[in-house]
Amino acid sequence: MKDIAIVSFAQSDCRRDAGACNEVELIMPVIEQAMQAVGLNNSQDVDFTCSGSCDYQQGAAFAFVMGVDALGAVPPIKESHVEMDAAWALYESMLKISMGQAESALIYGFGKSSPGELPTVLSQQLDPYYLAPLWVDSVSLAALQARVLLDRGLLSEQDMAAVVARSRANAKANNPHAQLAGDVSVEELLAESPWVAPLRKHDCCPISDGASAMVICTIEKARAWGKPYAVIRGIDHRMESHNIGARDLTRSVSTELAAAQAGVDRGPVEVAELYAPFSHQEIILSQALGLDDSTEINPSGGVLAGNLMMASGLSRIGEVATRIMSGDVRRGVAHATSGPCLQHNLVAVLEAA
Amino acid sequence: MSDLLRQQFVLGYTYTRSTGPVVGRFLTELRQRKIVGTRGDDGRVFVPPMEFDPVTASALDEFVEVSDRGEVVSWCWISEPRDSHPFDEPFAWALVLLDGADVPMVHAVAAPEAEMHTGMRVQARWSEEPRGYITDIACFEPEVTQGEG
């Protein structure tokens, strides 16, 4: 795929409950912010718009269509939607640009999880005959995965708590939109009782309402706009079996494959933003991506500091892009996930222009 | 802000789906309190049966009957069951590897937390009237071997 530029990114605060604020009202401010950063007025000024969300969160078929109200639906625009995290809306937009059908695109993802019980809602994305009727929730499946790792001695509860402590500290230092931030020690965290043993509550990402948005375009267009931009040098996504028992839960094979295709190892990885909804999964992902101490992992705090369901993957890419656009780093990796126990993974390599 | 409009809303999808020759066979066998899987290209027995091999993607049609007893290969403890969960009392979700299967299945285990451990032996507790659903296996429970019961 040809190189594509990220020219702007915006994300809302991660809030446990946005109250009466509806999806459109969550989306509008981030779209406006992302557009204004590059001097665009509205969705008429880009060639393509693509969003990511999940109708199950709103509890109504085609609920995502209402999100389009945030754009102004008249006059008509070229628009699409993925029932996935908006990181995949970015992927679709890149295909659209690569095919020559657009030079620029607006991408947004949104999720208002507070009206429902998100782990229960997510149980309905599972196999409809074998798992969904059991209503086994997303936290429980992650806990089964964590136990496999702990039983085999591949990580310890201290390792998991260390991930959480770093997430909270990074969020406090770097992320004004975080829901959970602060200074906590590994000892303090381990003193908490188990929740869904072996997971403690802090091992699990919080549930957040909010949205994020991004503008991408061809390299030529980015130069014409004359704004700083980050280049998406490689991107790939791979999916593993929906049968959790058939997978090696101690690894993320799909992340390994996507990382190889995206070219993660073709240069230094200064920063990585990983979509790890559970603490042990950050360790699995770091290993799958071949990261070591030379990489700063989740400087934003990652999704353990705030998880905008269906927008967090796009936000991981936006967090890396922002650091490149500001000149802090020259090369980074962003990751997005979907499905139970890291079933489906997207890896993007971003570089300075 | 505190006075939100609330209304009861029941979401229903009135579709009828055919479960097909693989999933359908599994669900039909459950009515007879039997558990079947399919054999993958590498010889692994998947329980519940998979329609396609997850590695080669070829269609699978060799059925293998397995035991309704097996071993817990991972588990988590639900101290506060959710409304949708199968029990009101604390219970475990587990990956259960049935005897004769090579791939574990996810199901509930009803047992005291102190008895739960990786490697524990369990057996299916069947529902009173199996109807061809995964929930015909009400749950798994600690295995009772001859002489104990």
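Calculation rules
Residues numbered from 1 in each chain as written. Chains lettered and ligands numbered in written order. Predicted model: local features only at pLDDT ≥ 70, side-chain atom pairs only at ≥ 80, totals over all residues. Heavy atoms only, no water. Helix = DSSP H or I, 4+ residues; strand = E, 2+ residues; numbered from the N terminus. Buried < 20%, exposed > 50% of the residue type's maximum accessible area, 1.4 Å probe, protein only. Lys, Arg positive; Asp, Glu negative; His and termini not counted. Charge placed at Lys NZ, Arg CZ, Asp CG, Glu CD. Contact = heavy atoms within 4.5 Å. Areas by Shrake-Rupley, 256 points an atom, 1.4 Å probe, with all protein chains shown as cover. Domains from an automatic or database assignment. Buried area = accessible area lost by both parts, 1.4 Å probe. Salt bridge = Lys/Arg side-chain N within 4 Å of Asp/Glu carboxyl O. Polar contact = N/O pair within 3.5 Å; in protein donor to acceptor, adjacent residues only side chain to side chain. Nonpolar A, V, L, I, M, F, W, Y, C, P; charged D, E, K, R; others polar. Pairing = 2+ DSSP bridges. Axes fitted to C-alpha atoms, helices over the stretch in contact; angles between N-to-C directions.

1. Digging into the overall build of chain B
Right, on to step 1. Scanning chain B from terminus to terminus reveals 1 helix and 8 strands.
Right, on to step 2. Each helix and strand of chain B, ordered N terminal to C terminal, gives the series α-β-β-β-β-β-β-β-β.
Right, on to step 3. Expressed as a percentage of its 149 residues, the buried residues of chain B come to 44%.
Right, on to step 4. For chain B, the distance from the average position of its 13 positive side-chain charges to the average position of its 25 negative side-chain charges is 5 Å.

2. Description of the overall build of chain A
Right, on to step 1. For chain A, the count of helices and strands is 12 helices and 12 strands.
Right, on to step 2. Seen through its C-alpha atoms, chain A measures out along the principal axes to roughly 55 × 45 × 40 Å.
Right, on to step 3. Taking all 353 residues of chain A together, 63% fall into the buried category.
Right, on to step 4. Of all intrachain contacts in chain A linking residues separated by at least 6 positions in sequence, the fraction that spans at least 24 positions is 78%.
Right, on to step 5. For chain A, the exposed surface amounts to about 12,800 Å²; the carbon and sulfur share of it is 50%.
Right, on to step 6. Counting 25 positive and 42 negative side-chain charges, chain A places the averaged centre of each group 4 Å from the other.

3. What about the domain arrangement of chain A?
Many structure descriptions define interface size as the accessible area lost when the parts assemble.
All names here are of chain A.
Right, on to step 1. Domain annotation for chain A reports domain 1 (4–117 + 207–230) and domain 2 (120–205 + 233–352).
Right, on to step 2. The centre of domain 1, based on its C-alpha atoms, is set 22 Å off from the matching centre of domain 2.
Right, on to step 3. Buried area between domain 1 and domain 2, both sides added, is near 3,000 Å², and the carbon and sulfur share of it is 65%.
Right, on to step 4. Along the contact surface separating domain 1 from domain 2 lie 0 salt bridges.
Right, on to step 5. Here domain 1 is connected to domain 2 by 17 residue pairs in polar contact (both at pLDDT 80 or more).
Right, on to step 6. If you list the elements that add at least two residues to the side of domain 1 that touches domain 2, you get β1 (4–11), α2 (55–58), α4 (86–98), β4 (104–112) and β7 (209–218).
Right, on to step 7. Each residue belonging to the side of domain 1 that touches domain 2 can be placed in one class, and the counts come to 23 nonpolar, 12 polar and 7 charged.

4. Things to note about the sheet that holds strand β8 (residues 230–239) of chain A
Residue and element names in this part refer to chain A.
Right, on to step 1. On the basis of which strands lie adjacent, the open sheet formed by 10 strands has the order β3-β2-β4-β7-β1-β8-β12-β11-β9-β10 and mixed pairing. Only two strands of the sheet have a single neighbouring strand rather than two, namely β3 (79–82) and β10 (296–297).
Right, on to step 2. As paired strands, strand β2 (residues 48–52) and β3 are joined by 4 bridges and run parallel to one another. In the sheet register, Cys-50 faces β3, and the bridge partner there is Ser-80.
Right, on to step 3. The sheet strands contacting helix α10 (residues 253–262) are β8, β11 (331–338) and β12 (344–352), and the helix crosses β8 at an angle near 145 degrees.

5. Topic: the interface of chain A and chain B
Right, on to step 1. On the chain B side, the residues contacting the 34 residues of chain A number 38 residues.
Right, on to step 2. At the boundary of chain A with chain B, total buried surface from both sides reaches about 3,000 Å², with 63% on carbon and sulfur atoms.
Right, on to step 3. Of all residues in chain A, Tyr-129, Tyr-130 and Leu-134 of chain A bury the most surface against chain B, accounting for 25% of the area lost on that side.
Right, on to step 4. Inspection of the chain A/chain B interface yields 9 residue pairs in polar contact (both at pLDDT 80 or more).
Right, on to step 5. At the level of elements, α5 (118–123), α6 (138–151) and β5 (194–197) of chain A are the ones that each hand at least two residues to the side of chain A that touches chain B.
Right, on to step 6. At 8 residues, the largest contribution of residues to the side of chain A that touches chain B is made by α6 of chain A.
Right, on to step 7. Considered class by class, the residues forming the side of chain A that touches chain B number 22 nonpolar, 8 polar and 4 charged.
Right, on to step 8. Pairing between β5 of chain A and strand β4 (residues 69–78) of chain B: 2 bridges, direction antiparallel. Pairing of Val-196 of chain A across the sheet is with Ile-78 of chain B, part of β4 of chain B.

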